[in-house]
Amino acid sequence: FFSLFSLRRVRLPQRCQPRANMSAMLEPLVDKVVQVITNDGRNIVGLLKGFDQTTNVILDECHERVFSTTAGVEQVMLGLYIVRGDNIALVGEVDEEIDAEIDLAMLKAEPLKAVVH
């Protein structure tokens, strides 16, 4: 099981350089609201609390945004959530001011398709 304190600033062996770069890119996002798009097309928004060398991330106070072409965006509360690094397609910081202005109930969109390798 992950500890919130053990997931920050993990030293990586030299052979893990590509993942090390990803971890270095996540460090400035700790304690900020981020959006995670998973390989299966899920859209999860929450407070980044930590991560490890395999880019597993811990999100707090998070919810999943479920898009539909017939109804507005449904927000499913998840609470504290761990997303496996091998299932992450994208992590980005959310501009909370702009995000608050979006009327998700009126937003209709096609759900994302899963990544095919």
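Above this text is the structure in question.
So, here is what we can say about the structure in this document. Per chain, the residues get numbers from 1 upward, laid out in the order the sequence is written. Whole-chain, interface and lining totals are the exception, using all residues; otherwise, since this is a predicted model, local features are given only for residues with pLDDT of at least 70 and side-chain atom pairs are given and counted only at 80 or more. Processing note: side-chain calculations cover all non-hydrogen atoms of the structure and skip hydrogens and water entirely.

### Some words on the overall build of the chain
Thought 1: What the chain contains, in helices and strands, is two helices and five strands.
Thought 2: Numbering goes from the N terminus for both helices and strands, where a helix is a DSSP run of H or I of at least four residues and a strand is a run of E of at least two. The linear arrangement of helices and strands in the chain, starting from the amino end, is α-β-β-β-β-β-α.
Thought 3: When a residue's accessible area, from a 1.4 Å probe over protein chains only, is under 20% of the maximum for its type it is buried; when over 50% it is exposed; and in between it is partly exposed. Residue burial in the chain is summarised as follows: out of 117 residues, 32% are buried.
Thought 4: Sequence-distant contacts, at least 24 apart, represent 55% of the contacts inside the chain between residues at least 6 apart.
Thought 5: For every accessible area listed, the method is Shrake-Rupley and the probe measures 1.4 Å; residues are considered covered only by the protein chains on display. Accessible surface, the chain: about 7,700 Å² in total, of which carbon and sulfur atoms supply 55%. Should any heavy atoms of two residues lie within 4.5 Å, those residues are considered in contact.

### Here we look at a negative patch on the surface
Thought 1: Side chains of Glu93, Asp95, Glu96, Glu97 and Glu101 sit close together on the surface and give a patch of like negative charge.
Thought 2: Looking at which element gives the most residues to the negative patch, the answer is helix α2 (residues 96–101), with three residues.
Thought 3: Its location among the elements puts Asp95 in the loop between β5 (88–93) and α2. In this analysis, a patch consists of residues with relative accessible area above 30% that form no salt bridge, clustered at 9 Å for like charges and at 5 Å for the nonpolar side chains Val, Leu, Ile, Met, Phe, Trp and Tyr. Any Lys or Arg side-chain nitrogen found within 4 Å of a carboxyl oxygen on Asp or Glu counts as a salt bridge. A positive count includes Lys and Arg, and a negative count includes Asp and Glu. His and the chain ends are not counted in either. Here the site of a charge means atom NZ of a Lys, CZ of an Arg, CG of an Asp or CD of a Glu.

### Some thoughts on the side chain of Glu64
Thought 1: Here Glu64 is to be found in strand β3 (residues 57–66).
Thought 2: Classification of Glu64 as buried rests on a relative accessible area of 14%.
Thought 3: Those residues within four positions of Glu64 in sequence are excluded, and the remaining contacts are Arg42, Asn43, Ile44, Glu74, Gln75, Val76 and Leu78.

### Thoughts on the layout of surface pockets
Thought 1: The way it works is a 1 Å grid over only the protein atoms, where trapped points that fit a 1.4 Å probe form a cavity and open points with protein on both sides within 12 Å along at least five of seven lines form a pocket, and then any residue with an atom within 4 Å of a point lines it. Grid points are joined across faces, edges and corners, and a volume is the space filled by probe spheres set on the points. Within this model, the largest pocket holds a volume of roughly 170 Å³.
Thought 2: Around the largest pocket, the lining comprises 11 residues; the ones closest to its centre are Met22, Ile88, Ala89, Leu90 and Val91.
Thought 3: Going through the elements one at a time, α1 (17–26) and β5 are the ones with two or more residues in the lining of the largest pocket.

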